[in-house]
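Chain residues, written in single-letter form:
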Amino acid sequence: MNTPFVAILMGSDSDFPVMQSTVEILKNFSISYEVKVTSAHRTPAATHEYVRTAEERGCQLFICAAGLAAHLAGAVAGITTRPVIGVPIDGGPLKGMDALLSTVQMPGGVPVATVAIGSAGAKNAGYLAAQMLSIADPELRARVAEERRQSAELVMAKDVALQEKLAEA
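Residues numbered from 1 in each chain as written. Predicted model: local features only at pLDDT ≥ 70, side-chain atom pairs only at ≥ 80, totals over all residues. Heavy atoms only, no water.

Trainee: Please clarify how the pairing of strand β4 (residues 84–88) should be interpreted in this entry.
Mentor: Of all 5 residues that make up β4, 5 are buried, and the element is covered over most of its length. Taking every second residue as pointing to the same face, both faces of β4 are buried, with Val84, Gly86 and Pro88 on one and Ile85 and Val87 on the other. Pairing analysis gives 5 bridges linking strand β3 (residues 59–66) to β4, with the strands arranged parallel. By the bridge assignment, Ile63 is partnered in β4 with Ile85. Taken together, β3, helix α3 (residues 72–79) and β4 form a β-α-β motif whose crossover is right-handed. Across 2 bridges, the pairing between β4 and strand β5 (residues 113–114) is parallel. Following the sheet pairing, Gly86 is matched in β5 by Thr114. (Buried < 20%, exposed > 50% of the residue type's maximum accessible area, 1.4 Å probe, protein only. Helix = DSSP H or I, 4+ residues; strand = E, 2+ residues; numbered from the N terminus. Pairing = 2+ DSSP bridges. Right-handed = clockwise from strand over helix to strand, strands pointing away.)

Trainee: What is the right way to look at the packing of aromatic side chains in this model?
Mentor: Any aromatic ring pair is given by two values, namely how distant the centres are and how the planes are angled relative to each other. For the structure on display, the rule yields 1 aromatic pair. Ring geometry for Phe29 versus Tyr127: centroids 6.1 Å apart, planes at 75°, classification edge-to-face. Of this pair, Phe29 sits in the loop between α1 (16–28) and β2 (33–37) while Tyr127 sits in helix α5 (residues 119–134); the two residues are 98 residues apart in sequence, bridging distant segments of the chain. (Phe/Tyr/Trp six-rings, centres within 6.5 Å; stacked < 30°, edge-to-face > 60°.)

Trainee: Any chance you could explain the pattern of salt bridges here in plain terms?
Mentor: When the charged atoms of two side chains lie near each other, side chains of opposite charge can form a pair. What the rule picks out here adds up to 5 salt bridges. Measuring nitrogen to oxygen at the nearest pair gives 2.6 Å for the salt bridge that ties Glu49 to Arg52. With Glu49 and Arg52 both in helix α2 (residues 44–56) and 3 residues apart, this pair spans about one turn of that helix. Overall, the relative accessible area of 33% leaves Arg52 in the partly exposed class. Arg52 is the salt-bridge partner of Glu56, the closest N and O atoms lying 2.7 Å from each other. (Salt bridge = Lys/Arg side-chain N within 4 Å of Asp/Glu carboxyl O.)

Trainee: So what exactly am I meant to see when it comes to the sheet that holds β2 here?
Mentor: Within a sheet, adjacent strands bond to each other through the backbone by hydrogen bonds, running parallel or antiparallel. Overall, parallel pairing links the 5 strands, which are arranged β2-β1-β3-β4-β5 in an open sheet. Of all the strands in the sheet, the pair left with one neighbour each is β2 and β5. Along the sheet, α1 contacts β1 (5–10), β2, β3 and β4; its crossing angle with β1, the most-contacted strand, is approximately 175°. Contacts from α3 reach β1, β3 and β4 within the one sheet, and its direction differs from that of β3 by about 155°. (Contact = heavy atoms within 4.5 Å. Axes fitted to C-alpha atoms, helices over the stretch in contact; angles between N-to-C directions.)

Trainee: How should I be thinking about the side chain of Ser39 in this particular structure?
Mentor: Mapped onto the secondary structure, Ser39 falls in the loop between β2 and α2. Polar side-chain contacts of Ser39 include one of 2.9 Å to the backbone nitrogen of Arg42. Apart from residues lying up to four places away in sequence, Ser39 is in contact with Gly11, Pro44, Thr47 and Leu72. (Polar contact = N/O pair within 3.5 Å; in protein donor to acceptor, adjacent residues only side chain to side chain.)

Trainee: Hey, could you run me through the environment of Val112 in this one?
Mentor: When you line up the elements, Val112 lands in the loop between α4 (97–104) and β5. On a C-alpha basis, the gap between Val112 and Pro83 in space is 7.3 Å, while along the polypeptide they are 29 residues apart. Setting aside chain neighbours within four positions, we find Val112 in contact with Ala73, Gly74, Ala77, Val84, Ile85, Gly86, Thr103 and Met106.

This is the structure in structure tokens:
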């Protein structure tokens, strides 16, 4: 039986510094993953073959990061019926706005769940993948809920520290 995993595809190796946070989040949730550089424009046949074989090997969803014209997520969504999360990379003269529009403007029936531009989007792609996978995995759902609880506690602790600092002033 194939081990379920998330495929992280990037249009260029220069996208990896941004996508490193996606990898870290998946690791923190003990979610298996693969990372691959493949291009919707420069290697379309290889992209298609990877998606097909990844599904056969147990890929549950795809996270696709690209900048500029950013057609990778849409190209993958056109090949698979698995969920696709698009991460627009913040590069080029439009600082990721072109990538955002290229990723989010998909025709009806070929959805791409698009997150924010750049590093916040890369983090949210990891969290969204964990939430999607947790629908069928109660243990993962508990880990996601616990991480969310810890995050809330951290915010509340920062507020307490700020209030104490303001009271001293």
